[in-house]
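Listed here are the chains, written in short residue letters.
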Amino acid sequence: SQELEQSPQSLIVQEGKNLTINCTSSKTLYGLYWYKQKYGEGLIFLMMLQKGGEEKSHEKITAKLDEKKQQSSLHITASQPSHAGIYLCGVHTGTASKLTFGTGTRLQVTL
Amino acid sequence: DVKVTQSSRYLVKRTGEKVFLECVQDMDHENMFWYRQDPGLGLRLIYFSYDVKMKEKGDIPEGYSVSREKKERFSLILESASTNQTSMYLCASSLVGANVLTFGAGSRLTVL
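A quick note: this is a predicted structure, and the numbers were derived from the prediction, not measured. (Residues numbered from 1 in each chain as written. Chains lettered and ligands numbered in written order. Predicted model: local features only at pLDDT ≥ 70, side-chain atom pairs only at ≥ 80, totals over all residues. Heavy atoms only, no water.)

What am I meant to see in the overall build of chain A here?
For chain A, the count of helices and strands is zero helices and eleven strands. Reading chain A from its N end, one meets helices and strands in the order β-β-β-β-β-β-β-β-β-β-β. At 13 Å, chain A has a C-alpha radius of gyration in line with the 13 Å of a compact globule built from 111 residues. Projected onto its principal axes, the C-alpha positions of chain A cover 40 × 30 × 20 Å. Within the span of chain A, comprising 111 residues, buried residues form 47% of the whole. (Helix = DSSP H or I, 4+ residues; strand = E, 2+ residues; numbered from the N terminus. Rg over C-alpha atoms; globule rule 2.2 N^0.38 Å. Buried < 20%, exposed > 50% of the residue type's maximum accessible area, 1.4 Å probe, protein only.)

Please explain the state of the cysteines as it appears in this structure.
Each disulfide consists of one covalent bond between the sulfur atoms belonging to two cysteines. Residue and element names in this part refer to chain A. For the structure shown, the criterion picks out two disulfides over all chains. Across the disulfide, cysteine 23 is cross-linked to cysteine 89 (sulfur-sulfur distance 2.0 Å). Disulfide cysteine 23 to cysteine 89: torsion about the S-S bond roughly 75 degrees, handedness right-handed. In this pair, cysteine 23 sits in strand β3 (residues 19-25) while cysteine 89 sits in strand β9 (residues 85-92), placing the two residues 66 residues apart along the sequence. With respect to class, cysteine 23 is no different from cysteine 89; both count as buried. (Disulfide = S-S within 2.5 Å.)

Got a minute to help me understand the sheet that holds strand β8 (residues 73-78) of chain B in this structure?
Backbone-to-backbone hydrogen bonds join strands into a sheet, with any given pair of strands oriented parallel or antiparallel. Residues and elements named next belong to chain B. With antiparallel pairing, the four strands of this open sheet are ordered in space as β1-β3-β8-β7. At either end of the open sheet lies a strand with only one pairing partner, and these are β1 (4-6) and β7 (65-70). Within this sheet the neighbouring strands show an average axis-to-axis angle of 20 degrees, counted without direction. Note that β1 and strand β3 (residues 19-25) share three bridges and pair antiparallel. Residue pairing in the sheet places threonine 5 in a bridge with valine 24 of β3. (Pairing = 2+ DSSP bridges. Axes fitted to C-alpha atoms, helices over the stretch in contact; angles between N-to-C directions.)

When you look at the interface of chain B and chain A in this model, what are you seeing that I'm missing?
Size of an interface, as often reported, equals the accessible area lost when the parts are brought together. Between chain B and chain A, the residue contacts involve 24 residues of the former and 18 residues of the latter. Buried area between chain B and chain A, both sides added, is near 1,600 Å², and the carbon and sulfur share of it is 57%. Here chain B is connected to chain A by zero salt bridges. At the boundary of chain B and chain A, one finds five residue pairs in polar contact (both at pLDDT 80 or more). Looking at the side of chain B that touches chain A, the elements with two or more residues in it are β4 (31-38), β5 (42-49) and β9 (87-94) of chain B. Taken together, the residues of the side of chain B that touches chain A sort by class into 15 nonpolar, eight polar and one charged. (Contact = heavy atoms within 4.5 Å. Buried area = accessible area lost by both parts, 1.4 Å probe. Salt bridge = Lys/Arg side-chain N within 4 Å of Asp/Glu carboxyl O. Polar contact = N/O pair within 3.5 Å; in protein donor to acceptor, adjacent residues only side chain to side chain. Nonpolar A, V, L, I, M, F, W, Y, C, P; charged D, E, K, R; others polar.)

Structure representation (structure tokens):
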């Protein structure tokens, strides 16, 4: 089965600082999904990366897919308190749109 | 706005009780999923369904069953709740062939 490891597990940054979260797969990545979860709530879809080298941005969040490294990175520029939450990467496994998720990265943004 | 609604946000049950977690989606999605989320373990798939009355086991189905009698509703059943089933339960849905899941807000279950 495919496993996803996220690093770091948790992160505390000061408002305005940049940060990067990594998601490394045990197998070849053919596509990867990033979700965000506010504490105690459901997951919200951020973006999907489907090709090696692909890079997507949404507001101040940028994600890249490096097929060779079997890794994706999520970069937040000039972090804000609204960025706080848990970030999870996911990949499709098997059929019926099943997603397997990483263990998540908990982000806190201090004032 | 598309929605996945989980009827109970917080539940407290006793060991041995039968527990029903309900999930309803209004998007006419074929696929529905139940995950549980635990600290350090991330989200793990319990069961999923790709059609009415169809179900497939996920990665951790032991101790759970599901029911999908109508397209919009997917229920997770704990036949005899145990303390190790204390967790956050998340329901999700998607269209066939679509790869983005829409999640509900979650149901936090505590089993005493």
